[in-house]
Amino acid sequence: MTVEEQVKDIVSKIAHIDKAIMSPESTFKEMKADSLDVVQALVAVEETFDIEIPDEEAQKFRNFGDFVDYVQKEVDKKG
Amino acid sequence: MSQSSGKVRVAVDAMGGDYAPGEIVKGAAAAARAGAVEVVLVGQEDVVAEEMRVQGIPPDLVRVVHAAEVIREGEAPAIAMRQKRQSSIVVGVKLVRSGDVDAFVSAGSSGAVAAAAATYLGMVEGMERPTVGGGFSSFAPNIVVMDLGANVDCKPHQLLSFAIAGTVYARTVYGIENPTVGILSTGSEEGKGNELVKETAPLLKASGLNFIGNIEGNDILTGKANVIVCDGFVGNVVLKFYESIGDRAKAWMMLKHPRWKGIIRRLFDELVPIKKLSYEGEEEGSGILWGVDGVVRIAHGACTADHIEHGINAARKAVEADIVGNLKREIALFRQQGKLQ
């Protein structure tokens, strides 16, 4: 399973979003995820990949694609 | 439960609440002294230790788990919970997750407790959001209103999940085998209400729950329905209005009958203690956070030592009654039947 698929799984499960409507361009607002959904997803992703996503980085995510890209970079860094 | 003592272990947020840590530590010590539970105080170790010393509580009566940070009222709950990972709320919830304790009680920021519980314990499959329900037990001993403010905007299937949680609540807490369920609306006739009510009523009707239809505001206290479902916006308005009735009735009667002031004051303050009408009996001072995968009780910010002691014992009972397991089984049935997403 790719990083993108795993992140998609986590966000979809937590925020009850149909994976079919999740694209790299989708914003959390468009996907109707509220602030609790976003925080839950961030923590779940951090724990799944054993990485840390600082708030200042998280605030830069414009859409789902940015979120996945960041996680991918952090995972790659870990080797 | 504790392997050695066989007792239920309850963690208590020592830093949360208007009268923390004094009243919290006092209530926790009282519960520990009663002997039915093992109590763990979670908070800034030096502050908690000093409070215990001042109150003359022996260090071996309750265990203290250090949590360096405190989430204050007014902080954005989800953000504070994420930024303050060493807060007493997050540390306490994580103790439940790790199995170090069986339940957590906090009088701190309700939103932060709910957010931390949803994030670190996860939700019961089929429950999207944590919900707080409670009884208006002074006047109506066998009702539970759900939601009381955790979710101001709700979807129809979420209200159905609250109705299921409310049914488990009424069975577990009140011992009612087949609780009646109503949805709060502006008219008792089918089809009356706002869009949310109109869309939820058919789901409740088809659910197999003991749904009796719409309930109007004047039927909340009659016990017509044991479980009254509404979104948290409506529930919170109703709750706070209800809580204000005692004080307002006393003030009005004293104004209207100034010569009887003393009798009226005594009647309300001593004979009929309805200053705070709700949260008496089982729910005194705190309530279960339903839907999260663990036992968590949220206490009123202004709670006293008695409320904390009661909350700890109520948490023990919730663990012993396996309320989370009951909810999981009930929700699973609805999901199997395709009645809940």
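Residues numbered from 1 in each chain as written. Chains lettered and ligands numbered in written order. Predicted model: local features only at pLDDT ≥ 70, side-chain atom pairs only at ≥ 80, totals over all residues.

## Quick word on the overall build of chain A
Moving on, step 1. When you go through chain A residue by residue, the secondary structure sums to 4 helices and 0 strands.
Moving on, step 2. Along chain A, from the amino end to the carboxyl end, the secondary structure elements read α-α-α-α.
Moving on, step 3. The globule rule puts the C-alpha radius of gyration for 79 residues at 12 Å, and the 11 Å found for chain A is close to it.
Moving on, step 4. Its C-alpha atoms put chain A at 30 × 30 × 20 Å along the principal axes. (Helix = DSSP H or I, 4+ residues; strand = E, 2+ residues; numbered from the N terminus. Rg over C-alpha atoms; globule rule 2.2 N^0.38 Å.)

## Some thoughts on the sheet that holds strand β4 (residues 103–106) of chain B
Residues and elements named next belong to chain B.
Moving on, step 1. Here we have 11 strands laid out as an open sheet, ordered β3-β2-β1-β4-β11-β10-β5-β6-β9-β7-β8, and mixed in their pairing. This sheet does not close on itself; its edge strands, each paired only once, are β3 (63–66) and β8 (210–215). For this sheet, the mean angle separating the axes of adjacent strands, direction not counted, is 30°.
Moving on, step 2. Pairing geometry for strand β10 (residues 286–290) and strand β11 (residues 295–299), over 3 bridges, is antiparallel. Paired with isoleucine 288 across the two strands is arginine 297, which belongs to β11.
Moving on, step 3. Strand contacts of helix α1 (residues 22–34): β1 (8–13) and β2 (37–43), with the helix running at about 160° to β2, the strand carrying the most contacts.
Moving on, step 4. Packing against the sheet, helix α5 (residues 110–120) makes contact with β4, β10 and β11, and its axis sits at approximately 170° to β11. (Pairing = 2+ DSSP bridges. Axes fitted to C-alpha atoms, helices over the stretch in contact; angles between N-to-C directions. Contact = placed C-beta atoms within 7 Å.)

## Quick notes on the environment of arginine 82 of chain B
Moving on, step 1. For arginine 82 of chain B, the location among the structural elements is in helix α3 (residues 77–83).
Moving on, step 2. On a C-alpha basis, the gap between arginine 82 of chain B and threonine 119 of chain B in space is 9.4 Å, while along the polypeptide they are 37 residues apart.
Moving on, step 3. For arginine 82 of chain B, the residues in contact, after removing those within four places along its chain, are Val39, Leu42 and Val43 of chain A.

## With respect to the nonpolar core
Residues and elements named next belong to chain B.
Moving on, step 1. Residues Val10, Val12, Ala28, Val39, Ala103, Ala117 and Val229 are the most contacted members of the largest nonpolar core, which totals 129 residues.
Moving on, step 2. In terms of residue count, the dominant contributor to this core is helix α6 (residues 156–174) (10 residues).
Moving on, step 3. Excluding its chain neighbours within four sequence positions, the residues that come into contact with alanine 117 are Val93, Pro130, Leu289, Val292, Gly294 and Val296. (Core = buried A, V, L, I, M, F, W, Y, C linked by C-beta atoms within 7 Å. Buried ≥ 20, exposed ≤ 12 C-beta atoms within 10 Å, placed from the backbone.)

## Thoughts on the pairing of strand β5 (residues 131–136) of chain B
Residue and element names in this part refer to chain B.
Moving on, step 1. Here β5 lies mainly inside the structure; 6 of its 6 residues are buried.
Moving on, step 2. With 3 bridges joining them, β5 and strand β6 (residues 140–146) adopt antiparallel strand pairing. Note on β6: the bridge partner recorded for phenylalanine 136 is alanine 140.

## Some details on the packing of helix α4 (residues 88–98) of chain B against α5 of chain B
Residues and elements named next belong to chain B.
Moving on, step 1. Orientation of α4 relative to α5, taken along the N-to-C sense of each, is 35°, at an axis distance of 9 Å. Along this stretch, α4 crosses α5, giving a crossing that reads as right-handed. Contact residues: α4 offers Ile89, Val90, Val93, Lys94 and Arg97, while α5 offers Ala112, Val113, Ala116, Ala117 and Tyr120.
Moving on, step 2. The residue inventory of the contact of α4 with α5, partitioned by class, reads 8 nonpolar, no polar and 2 charged. (Left-handed = near helix turned anticlockwise from the far one by under 90°. Nonpolar A, V, L, I, M, F, W, Y, C, P; charged D, E, K, R; others polar.)

## Regarding the pairing of β2 of chain B
All names here are of chain B.
Moving on, step 1. Among the 7 residues in β2, 7 count as buried, and that is most of the element.
Moving on, step 2. Taking every second residue as pointing to the same face, both faces of β2 are buried, with Val37, Val39, Leu41 and Gly43 on one and Glu38, Val40 and Val42 on the other.
Moving on, step 3. Alignment of β1 against β2, held across 6 bridges, turns out to be parallel. What sits directly across from valine 8, in β2, is valine 37.
Moving on, step 4. With α1 bridging β1 and its parallel neighbour β2, the resulting β-α-β unit is right-handed.
Moving on, step 5. Pairing geometry for β2 and β3, over 4 bridges, is parallel. For valine 42, the partnering residue across the bridge sits in β3 and is valine 65.
Moving on, step 6. A crossover links β2 with its parallel partner β3, the connecting element being helix α2 (residues 45–54), and its sense is right-handed. (Right-handed = clockwise from strand over helix to strand, strands pointing away.)

## Focus: the domain arrangement of chain B
All names here are of chain B.
Moving on, step 1. Taken domain by domain, chain B holds domain 1 (1–123 + 291–321) and domain 2 (131–285).
Moving on, step 2. Using only C-alpha atoms to locate each centre, domain 1 and domain 2 end up separated by 27 Å.
Moving on, step 3. At the junction of the two partners, domain 1 supplies 11 residues and domain 2 supplies 9 residues.
Moving on, step 4. Secondary structure elements with two or more residues in the side of domain 1 that touches domain 2: β11 and α10 (305–320).
Moving on, step 5. Per-element tally for the side of domain 1 that touches domain 2: the top contributor is α10, with 4 residues.
Moving on, step 6. The class makeup of the residues in the side of domain 1 that touches domain 2 is 6 nonpolar, 5 polar and no charged. (Domains from an automatic or database assignment.)

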